[in-house]
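# Breakdown of the fold
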Amino acid sequence: MAYDYDTIIIGGGPGGLAAAYGLVGKQKVLVIENNLWGGTCPNFGCDPKKMLYGVVESKRQTQRYGQSGITGAVNIDWPALMSFKRGYTDKIPGGTHDGLASSGIATLFGSAEFVDAHTLRVNNKQVTGDAIIIATGATPAIPNVLGKAHFQTSTDFLSLPELPHEIGFVGAGYVAIELANIAVEAGAKVHVFQHNDKLLRGFPEADTAVLKETLAAKGIQFHWNTTVTGVSEAGSGVIVHTDDEDVALDTIFAAAGRPANIAGLNLDAAGISASAKGVEVNDHLQTAASNVYAIGDVIDKKQPKLTPVSGYEGRYVAASILGQQAAISYPPIPHTVFAGPELAQVGVTVATATAHPDDYDVRTSSVGSWYTYNRLQDKTARVTTIIDKANQQLVGAVVLAVNAEELINTFSGIISRHETAAEAKDWMPVYPSAESDLQYFY
Ligand SMILES: Cc1cc2nc3c(=O)[nH]c(=O)nc-3n(C[C@H](O)[C@H](O)[C@H](O)COP(=O)(O)OP(=O)(O)OC[C@H]3O[C@@H](n4cnc5c(N)ncnc54)[C@H](O)[C@@H]3O)c2cc1C
Ligand SMILES: NC(=O)c1ccc[n+]([C@@H]2O[C@H](COP(=O)([O-])OP(=O)(O)OC[C@H]3O[C@@H](n4cnc5c(N)ncnc54)[C@H](O)[C@@H]3O)[C@@H](O)[C@H]2O)c1
């Protein structure tokens with residue numbers, strides 16, 4: 001049967017775009033998008049977040065140098081900061097769309113839903129594809145409580161024209177902590193409501209305990225073991241009702257996770273199964289309908305839902321459609337919370353390593369007094385390395401420090417190359433630099 005396209009991709013984010021560019025020139029490809037071309041990361045995720053973060057971190061670094069030669073107060077001008085951000089984000093949707101069009105990739109604006117495993121309905125018209133890739137990402141969870149319509153999301157935060165005086169976040173994961181840090185550094189009073197006492201679950205508690213203290217010292221008011229039970233309107237602000245107290249705020253942001261964007265896709269029509277965590281796929285990223293693949297944040301998977309992972313899966317599925325046979329295998333996946341300072345980890349976790357002391361050596365160095373971090377006045381900096389005792393290879397690392405994302409990248413490279421400690425020392429980093437400390441970590 002002749003289809004309209006060889007491959008149709010639903011979603012023009014990092015995953016869908018990587019798949020499209022992997023197929024371009026070899027196939028007739030269509031990408032369908034129903035919101036901003038480019039998806040979450042460049043429009044209302046990683047990129048604008050890190051632009052705001054970079055500026056507030058410069059302020060914090062200036063404050064840390066308060067005893068080291070810098071005088072005078074530094075303040076954040078929120079509207080100017082937003083205008084800086086828009087200088088980047090305003091160009092993303094148009095630039096992304098033009099890039100696709102000029103590469104010969106067809107585009108269609110609208111919401112896609114399945115009619116069957118080869119047919120989608122978009123804007124009341126049907127379009128068919130030999131292969132279809134679901135790359136629809138994830139969307140903020142809104143807690144199901146009374147007054148939930150009053151919640152704003154990370155997307156709203158990253159476009160606030162003015163910074164409200166007093167705000168709150170529900171959740172203490174990546175989104176809440178990164179945005180709470182930006183807000184408090186920019187001058188807002190900030191509350192974080194968390195239903196248990198866990199900050200950034202999945203990271204070692206020894207590191208998150210230090211981060212909790214750092215963020216509290218900046219003025220973030222943590223409400224641990226507190227469940228938000230409702231939100232009501234109060235003048236121009238809101239009252240956040242919890243099982244403990246009522247808190248009056250200018251606004252409240254839901255940051256309680258990001259479920260897969262599958263509502264409205266009509267997956268049943270194509271026989272595709274999904275769990276509460278997303279579309280179910282096999283180790284070739286095929287759904288229950290073998291010509292339909294799923295990639296990125298929309299999948300039910302154990303890998304972290306991050307931009308580089310979506311891109312990796314997009315490139316993998318493109319190669320599979322073009323004939324590659326191998327099952328997907330992931331390299332070590334580093335991840336960083338830009339929390340002021342950054343908390344980053346890669347590879348075997350501290351929890352796994354400490355549960356298997358015969359297999360792993362875990363070594364934590366408090367490096368705040370070392371030259372690299374003393375120079376930056378980053379007094380709480382910590383680096384943990386995990387070594388596989390059997391072959392002396394680095395298999396995991398955690399960094400809590402200024403610019404941790406750079407050092408974790410270096411650790412990630414060492415782990416990916418399966419280097420022993422001796423091999424990893426056989427190179428010459430610039431001195432002084434964070435990498436010049438590597439030889440002392442293990
Ligand atoms: C505030 C925030 C900060 C983040 N920071 C980082 C970070 O620092 N580093 C990092 O690696 N990751 C970060 N992430 C996560 C990162 O943004 C995602 O992992 C990444 O965007 C996932 O890419 P994706 O292509 O799978 O999905 P998305 O980028 O979400 O793209 C999916 C696209 O599909 C479209 N779509 C959905 N349904 C349909 C439909 N029915 N029809 C047509 N189109 C549809 C959507 O509009 C969207 O454009 C952050 C996320 C947030 C929210
Ligand atoms: N720097 C980065 O790489 C980065 C930044 C932002 C987001 N992300 C990605 O986006 C994903 C989603 O981020 P997130 O912060 O929304 O999710 P998350 O899973 O990191 O954190 C969710 C938080 O909400 C809490 N929570 C869950 N259900 C709740 C409920 N009903 N009521 C109150 N609290 C509840 C959880 O305990 C947790 O603290 C991340 O896991 C990550 O994959 C990455």
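Residues numbered from 1 in each chain as written. Chains lettered and ligands numbered in written order. Predicted model: local features only at pLDDT ≥ 70, side-chain atom pairs only at ≥ 80, totals over all residues.

### Remarks on the overall build of the protein
Check the secondary structure of the protein and you find 13 helices and 21 strands. By its C-alpha atoms, the protein is 70 × 65 × 40 Å across when sized along the principal axes. Taking all contacts inside the protein whose residues are at least 6 apart in sequence as the whole, residues at least 24 apart take part in 66%. (Helix = DSSP H or I, 4+ residues; strand = E, 2+ residues; numbered from the N terminus. Contact = placed C-beta atoms within 7 Å.)

### Considering the sheet that holds strand S17 (residues 335–338)
Overall, antiparallel pairing links the 5 strands, which are arranged S17-S18-S21-S20-S19 in an open sheet. Of all the strands in the sheet, just S17 and strand S19 (360–366) have a single pairing partner and so form its edges. In this sheet, neighbouring strand axes are inclined to one another by 10° on average, regardless of whether the strands run parallel or antiparallel. Across 6 bridges, strand S18 (residues 342–347) lies against strand S21 (residues 393–401) in antiparallel orientation. Each residue of the ladder has a partner; that of Gln-345, found in S21, is Val-398. Contacting S18, strand S20 (382–388) and S21, helix H8 (residues 205–218) crosses the sheet at an angle of about 10° to S21. (Pairing = 2+ DSSP bridges. Axes fitted to C-alpha atoms, helices over the stretch in contact; angles between N-to-C directions.)

### A look at H8
A rise of 1.5 Å per residue sets the reference length of H8, with its 14 residues, at 20 Å; its end C-alpha atoms lie 20 Å apart and thus fit the reference within 8%. Here H8 has its buried residues at Asp-207, Thr-208, Leu-211, Lys-212 and Leu-215. Along the long axis of H8, the arc covered by the buried residues comes to 140°, so they all point the same way. Counted as exposed and oriented over 90 degrees from the buried face of H8: Ala-209, Glu-213, Ala-216 and Ala-217. If you follow the buried residues of H8, they end up packed against helix H7 (174–186), strand S9 (221–223), S18, S20 and S21. (Expected span 1.5 Å × (residues − 1). Buried ≥ 20, exposed ≤ 12 C-beta atoms within 10 Å, placed from the backbone. Arc of directions from axis to C-beta.)

### Section: the site of ligand 2
In the vicinity of ligand 2, 22 residues are found, and the nearest of them are Gly-171, Gly-173, Tyr-174, Val-175 and Ala-256. Contributing elements (two or more residues each) for the shell around ligand 2: H7 and S17. Here the residues of the shell around ligand 2 are counted per class, giving 12 nonpolar, 7 polar and 3 charged. (Near = placed C-beta within 6 Å. Nonpolar A, V, L, I, M, F, W, Y, C, P; charged D, E, K, R; others polar.)

### Examining the site of ligand 1
As a matter of local geometry, ligand 1 sits amid 36 residues, with Gly-11, Gly-13, Gly-39, Gly-137 and Gly-296 nearest to it. Those elements that provide at least two residues to the shell around ligand 1 are helix H1 (14–23), strand S2 (29–33), helix H2 (40–44), helix H3 (46–64) and helix H9 (307–321). In terms of residue class, the shell around ligand 1 is built from 13 nonpolar, 19 polar and 4 charged.

### So, the sheet that holds strand S12 (residues 246–249)
Strand pairing in a sheet relies on backbone hydrogen bonds, with the paired strands running either antiparallel or parallel. The antiparallel open sheet is built from 3 strands, whose spatial order is S10-S11-S12. The open sheet terminates on both sides in strands that have one partner only, identified here as strand S10 (228–234) and S12. On average, adjacent strands in this sheet sit at an angle of 20° to one another, irrespective of strand direction. Bridge count for strand S11 (residues 237–242) against S12 is 4 bridges, and the pairing is antiparallel. When the bridges of S12 are listed, Val-240 appears paired with Val-247.

### Digging into the confidence of the model for the protein
Chain-level pLDDT for the protein is 97 on average; 100% of the residues reach the 70-or-more range. Of the two predicted TM-score estimates for the complex, the pTM is 0.97 and the ipTM is 0.97. (pLDDT = per-residue confidence, 0-100.)

### Describing the domain arrangement of the protein
When the domains of the protein are assigned, the result is domain 1 (5–139 + 259–321), domain 2 (148–254) and domain 3 (335–440). Computed over C-alpha atoms, the centres of domain 2 and domain 3 are 30 Å apart. The interface of domain 2 with domain 3 comprises 13 residues on the first partner and 12 residues on the second. If you list the elements that add at least two residues to the side of domain 2 that touches domain 3, you get H7 and H8. For the side of domain 2 that touches domain 3, the per-class residue count stands at 8 nonpolar, 2 polar and 3 charged. (Domains from an automatic or database assignment.)

### Describing the packing of H1 against H9
Between H1 and H9, the shortest axis-to-axis distance is 7 Å and the interhelical angle comes to 30°. As for the relative orientation of H1 and H9, their crossing is right-handed in sense. Between H1 and H9, the contacting residues are Pro-14, Gly-15, Gly-16, Leu-17, Ala-18, Ala-19, Gly-22 and Leu-23 on the first element and Thr-307, Ser-310, Gly-311, Glu-313, Gly-314, Arg-315, Val-317, Ala-318, Ala-319 and Ile-321 on the second. (Left-handed = near helix turned anticlockwise from the far one by under 90°.)

### So, the nonpolar core
Ranked by size, the top nonpolar core spans 73 residues in total, and within it Leu-179, Ala-180 and Val-399 carry the most contacts. With 9 residues, the single largest contributor to this core is H7. Excluding anything up to four places from it in sequence, Ala-180 contacts Phe-169, Val-190, Val-192 and Ile-220. With 46 residues, the next largest nonpolar core counts Ala-131, Ile-132, Val-298 and Tyr-316 among its residues. (Core = buried A, V, L, I, M, F, W, Y, C linked by C-beta atoms within 7 Å.)

### Observations concerning the UniProt feature "binding site: FAD" (unreviewed entry) in the protein
Per the UniProt record, "binding site: FAD" (unreviewed entry) is found at Lys-50 and Asp-297. Tracing the backbone through its elements, the reader meets Lys-50 in helix H3. Note on placement: Asp-297 falls in the loop between strand S16 (292–294) and H9. Note on Asp-297: 30 C-beta atoms within 10 Å, which makes it buried. (UniProt positions renumbered as here; feature names shortened; annotations may be inferred.)

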